[in-house]
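# Observations on the three-dimensional arrangement
Here's the letter readout for the chains.
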Amino acid sequence: MTNRLLQDEELRIDTLDSFDVFGTEPEAELDEIARLAAQVCGVEAAVIALVGATRVWFKSRIGIHIAEARRERSPFDEAIAADGVYQVIDSLRDPHFGSRGIMLDGKNFRFFAGSPLIAPNGSCIGCIAVLSQNAHVLKPEESNALETIADQIMVRLELNMRIQLMESESRVRHRVESALTVERNFVSAVLDTAGALVVVMDTAGRVVRFNRACEAISGYETGAIVGRYLWETLIPVEDRAEARASFERIRNGEFPVAFENRWLAHNGDIRLIQWMATALLDTQNTKSNEVAFIIATGIDVTLQREAEETLKKSEARYRQLIESSLGMVFTHTLDGKLLSLNTYGAQGLGYSVHEMLGRSLVDFIPQEERSAFEAYLRTMREAGEAQGTMTMLHRNGQKMFIAYRNRRVAGDGSEAYALGFGVDITEKVRTEERLSALTQQSNSILESVGDGIFGMDLQGRATIINPAAAEMLGYRPEELLGSDVHALIHHSYADGSPYPVAECRMTNVVRERTPVRVSTEIFWRKDGTSIPVEYVACPIMKDGVPTGIVVAFTDTTERRALDRMKDEFISTVSHELRTPLTSMRASLGLIASGALAARPEKQKQMLEIAIGNTDRLVALVNDILELERIGSGKAELHYTMSSAEDLMKRAAGLLTGTASKAGIEFRFDAEQVDVWADPDRILQTLTNLLSNAIKFSPRGGVIFLKARLLSPDEAQLEVHDSGRGIPEDKLESIFERFQQVDASDSRAMGGTGLGLAICRSIVSQHGGRIWAESTLGKGASFFFTLPTRPSQHLS
């Protein structure tokens, strides 16, 4: 609903409320009008409906017994928004009302017609509606009659409203006149019974009213004062000039005004009176706005001032004691004005006592802390006691922190004030801030380190844990805090057997009081799995007594895997080196012993074996060095746009001699494909793949080299042979170091088992993928992808 519609609806509801008809008794005249509407329109039911915010109230109803209904989705809501008569000829056919039609009073009405009730301000407050359980349509004369009836209903409602207003105004006028009469009767009684002094003077300064409280304080009767000037009878001679000047200021428009003066009582006593004076204007002459009378109300503060003086004397007696205090001792009014302060307190803020007395404490409060100071003053006024820390400013601008405990004090007849005692805790606060900063720094370090760190109390419960530790253990930090660490993550050995807490090396550091390093244990994760860890547990000592334990640990899963890989690599390399070396040693040994001196052809054979194994060792070492260079990133790529077909033909050309000896033929099927790559490295990859294909292809076989585009950004190269094929479980492992389909291939076919590993490293360095597909007995296909154009991921 728009703001305009909301405003119109608010005006409509306000207009409806102004008629004051809700909850009123039925009116026979309106009932007759409703009955007339039903008869004129030839239907069995009629209502005068007043539409509120959420409900429709039936002021008069014919053929319907309920007094109200919901407004939402009702035809009354539509009727008040219509211009003229709103009709629903057959509600069962009207999609707005659905298959049940218009439900009222348990009846299903099919026909509805409503003429809005328009108030003089244009707001529609309801409608006169006629209903029938049969489908119906109003004739033009019936529709006009319904509008006329709606006008007559509004005339009746407006007449009722005006009658109610007249009766209400009459009652109000009667009450006002009665109240004025009562007020006149009570004014005199109030003035005479009031505890305050009340004096009324005319514009010349003559007393026209002098209440009984004034008589009691002054000792004069009203008759002796009325008609005389106040300063001639009650004001001491030395104060009369000031009294006349105060009167003139009030008469000239400077009011209201508060002041104190002295009265000279009939018995000669001096009374100190505190006054609040103002002027009563001449209400009969609104244009002149002249002062008609001056009225002053006062209280006798003689005893109060005497008490204040007594308090000051009492403070003087205790000042010696206060001045010797090593804290800030002070008093202030309940609005913050400083009444007293010891020298130690003033010097602590860089001032003298004289410089601070009489000033508001807020002058010594930083701007950003003043709202807190106002809250402190409210607490003192309301609760009478407050304690906490107040931030104050030293003369040099430095913030000082004062711990205080203050109490409201009220002597007999004296004004309440606050008595306070404060201690300078600035150094303590500064130390706590430094400690907080160190703690935050420590927490930041704990959160940033990759190792897991947790602390325990002497009972083995976790007191602190960093995010890395929680993540490695599969918990949220809050799940671990307060838990028994041993029972949660250290309860069993790796084989599942229980790990007694008495044997726990983490908790035993408390007894041994020395750090311990352990690298052969496991921690259990939340999901029930375990991780191998290396940890250092240290006792936390204070004054030679252990207060807790801190443990730092590392997940050694990857390190152990690397160790295994290293061991396997060394074992494999040792084996690959030992085999050719053994053969070389045997061949050269036979030659060196002279056993083959008479058989030169055998010597030549032994030398060829030694040379072959030497070449194999050189190839092995070169391949190992090549893998290391690629893996360490030392092998830089020199990208250029190259033809895939050209690269494949160059690689085949390098192996033409080997292929011819094996009776192998190369065939090419390359699209116009260019790749963005280092041509030397791709040539090395293709040469390795072709070399393997030649080794494992039968004589007379064919090797296919293909290239095609996978997308505008990626090309695929393929080398397919017609050899024996590769088992499915070996399709991935053959790309690992020293892995071949059959261990005997190294001896029968030659090679180091590193060629495919080198191929994968080169392709990966280009951002591509390499894989193999094969069916046993039908050859194998090796695929790899390369980018076809530079991207932001390639240099």
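Residues numbered from 1 in each chain as written. Predicted model: local features only at pLDDT ≥ 70, side-chain atom pairs only at ≥ 80, totals over all residues. Heavy atoms only, no water.

## Some remarks on the environment of Thr-343
- Take Thr-343: it is sitting in helix α10 (residues 343–348).
- For Thr-343, a relative accessible area of 31% corresponds to the partly exposed category.
- With 15 residues separating them along the chain, Thr-343 and Met-328 place their C-alpha atoms 8.3 Å apart. (Helix = DSSP H or I, 4+ residues; strand = E, 2+ residues; numbered from the N terminus. Buried < 20%, exposed > 50% of the residue type's maximum accessible area, 1.4 Å probe, protein only.)

## Quick look at the packing of aromatic side chains
- Scanning the entire structure with this criterion turns up 18 aromatic pairs.
- Measuring from centroid to centroid gives 5.5 Å for Phe-58 and Phe-76, while their planes differ by 50°, and the two rings are tilted. A residue pair is termed long-range when its members are at least 10 positions apart, and Phe-58 in strand β2 (residues 55–62) and Phe-76 in helix α3 (residues 75–79) qualify at 18 residues. Each member of the pair, Phe-58 as well as Phe-76, is classed as buried.
- Between Tyr-229 and Trp-231 the ring centres are 5.6 Å apart and the planes differ by 15°, which places this aromatic pair in the stacked class.
- Through a chain of ring-to-ring contacts, the aromatic side chains of Phe-58, Phe-76, Tyr-86 and Phe-112 assemble into a single cluster.
- Against the face of Phe-668 rests Lys-649, its NZ or CZ located 5.8 Å from the ring centre.
- Its guanidinium or amino end placed over the ring of Phe-704, Lys-706 lies 5.9 Å from that ring's centre, counting from NZ or CZ. (Phe/Tyr/Trp six-rings, centres within 6.5 Å; stacked < 30°, edge-to-face > 60°. Lys NZ or Arg CZ within 6 Å of the ring centre and 35° of its normal.)

## Examining the sheet that holds strand β21 (residues 516–524)
- Taken in spatial order, the five strands make up an open sheet running β20-β19-β23-β22-β21, and their pairing is antiparallel. A strand with exactly one partner marks an edge of an open sheet, and here the two such strands are β20 (462–465) and β21. Each adjacent strand pair in this sheet contributes to an overall mean axis angle of 30°, direction not counted.
- Judged from the three bridges that link them, strand β19 (residues 452–456) and β20 form a sheet pairing that is antiparallel. Along β20, the bridge assignment pairs Met-456 with Ala-462. (Pairing = 2+ DSSP bridges. Axes fitted to C-alpha atoms, helices over the stretch in contact; angles between N-to-C directions.)

## Thoughts on the pairing of β2
- Counting buried residues in β2 gives six out of eight residues, a clear majority hidden from the surface.
- What sits between strand β1 (residues 45–51) and β2 in their antiparallel hairpin is a turn of three residues.
- Bridging between β2 and strand β3 (residues 68–70) involves three bridges; their strand directions are antiparallel. By the bridge assignment for β3, Val-56 is matched with Ala-69.
- Linking β2 back to β3 in an antiparallel pair, the connection comprises five residues, with Gly-63 at a positive phi of about 80°.

## A word on the pattern of salt bridges
- Under the defined criterion, the tally for this structure stands at 37 salt bridges.
- Between Asp-90 and Arg-93 there is a salt bridge whose closest N-O contact spans 3.5 Å.
- A salt bridge links Arg-110 to Asp-90; its shortest N-O distance comes to 2.6 Å. Note that Arg-110 is positioned in the loop between β6 (107–109) and β7 (111–118) and Asp-90 in the loop between β4 (86–88) and β5 (102–104), a separation of 20 residues in sequence.
- Look at the salt bridges and you will find they share partners, linking Glu-9, Arg-12, Arg-71 and Asp-77 into a network. (Salt bridge = Lys/Arg side-chain N within 4 Å of Asp/Glu carboxyl O.)

## Re unusual backbone geometry
- Following Phe-255, the chain continues to Pro-256 via a peptide bond in cis, the omega torsion being -5°.
- Relative to the elements of secondary structure, Pro-256 occurs in the loop between α8 (240–251) and β11 (257–264).
- In this model, Asp-543 sits at a positive phi of 55°, which is unusual for a non-glycine residue.
- Here Asp-543 shows up in the loop between β22 (530–542) and β23 (545–555).

## Topic: the packing of helix α20 (residues 644–654) against helix α22 (residues 679–696)
- Contact pair α20 / α22: the axes reach a minimum separation of 9 Å and the direction vectors enclose 55°. By the angle between their directions, the pair α20 and α22 is classed as oblique. Considering only the axes of α20 and α22, their crossing is right-handed. Within the contact between the two elements, α20 uses Leu-647, Met-648, Arg-650, Ala-651, Ala-652 and Leu-654 and α22 uses Pro-679, Ile-682, Leu-683, Leu-686, Thr-687 and Leu-690.
- Of the residues that constitute the contact of α20 with α22, the class distribution is ten nonpolar, one polar and one charged. (Parallel < 35°, antiparallel > 145°, perpendicular 65-115°, else oblique. Left-handed = near helix turned anticlockwise from the far one by under 90°. Contact = heavy atoms within 4.5 Å. Nonpolar A, V, L, I, M, F, W, Y, C, P; charged D, E, K, R; others polar.)

## Looking at the pairing of strand β17 (residues 399–409)
- The pairing of strand β16 (residues 385–393) with β17 spans nine bridges and is antiparallel. The residue bridging Met-390 from the neighbouring strand is Ile-402, located in β17.
- The hairpin formed by β16 and β17 contains five residues between the paired strands, and Gly-397 there has a positive phi angle of roughly 90°.
- Two strands pair when backbone bridges link them, and β17 and strand β18 (residues 417–424) are joined in this way by eight bridges, in the antiparallel orientation. Its bridge partner lying in β18, Ala-403 is registered against Val-423.

## Let's talk about the environment of Gln-367
- Within the secondary structure, Gln-367 is located in the loop between α11 (353–356) and α12 (370–382).
- Separated by 26 residues in the primary sequence, Gln-367 and Leu-393 have C-alpha atoms spaced 9.9 Å apart.
- At 3.3 Å, the side chain of Gln-367 and the side chain of Arg-370 are in polar contact. (Polar contact = N/O pair within 3.5 Å; in protein donor to acceptor, adjacent residues only side chain to side chain.)

## Quick notes on a negative patch on the surface
- Among the surface-exposed residues, Glu-10, Asp-14, Asp-17 and Asp-20 lie close enough to one another that they form a single negatively charged patch.
- Mapping Asp-14 onto the fold places it in helix α1 (residues 3–18).
- Of the residues examined, Asp-14 reaches a relative accessible area of 51% and is grouped as exposed. (Patch = residues over 30% accessible without salt bridge, like charges linked within 9 Å, V, L, I, M, F, W, Y side chains within 5 Å. Areas by Shrake-Rupley, 256 points an atom, 1.4 Å probe, with all protein chains shown as cover. Lys, Arg positive; Asp, Glu negative; His and termini not counted. Charge placed at Lys NZ, Arg CZ, Asp CG, Glu CD.)

## Overview of the nonpolar core
- In this structure, Leu-686, Leu-690, Ile-703, Leu-717, Phe-782 and Phe-784 are the most contacted members of the largest nonpolar core, which totals 39 residues.
- For this core, the element with the most residues is α22, which contributes seven residues.
- One finds Phe-19, Cys-41, Val-85 and Ala-150 within the second-largest nonpolar core, a separate group that totals 31 residues. (Core = buried A, V, L, I, M, F, W, Y, C linked by side-chain atoms within 4.5 Å.)

## What to know about the side chain of Glu-521
- By secondary structure assignment, the location of Glu-521 is in strand β21.
- Buried charge without a salt bridge: Glu-521, with Arg-505 as the nearest opposite-charge side chain at an N-O distance of 5.5 Å.
- A distance of 2.6 Å separates a polar atom in the side chain of Glu-521 from a polar atom in the side chain of His-490.
- Among the polar contacts listed, one links the side chain of Glu-521 to the side chain of Tyr-535, at a separation of 3.0 Å.
- Apart from the residues within four sequence positions on either side, Glu-521 is in contact with His-490, Tyr-499, Arg-505, Ile-531, Pro-532, Val-533, Tyr-535 and Arg-560.

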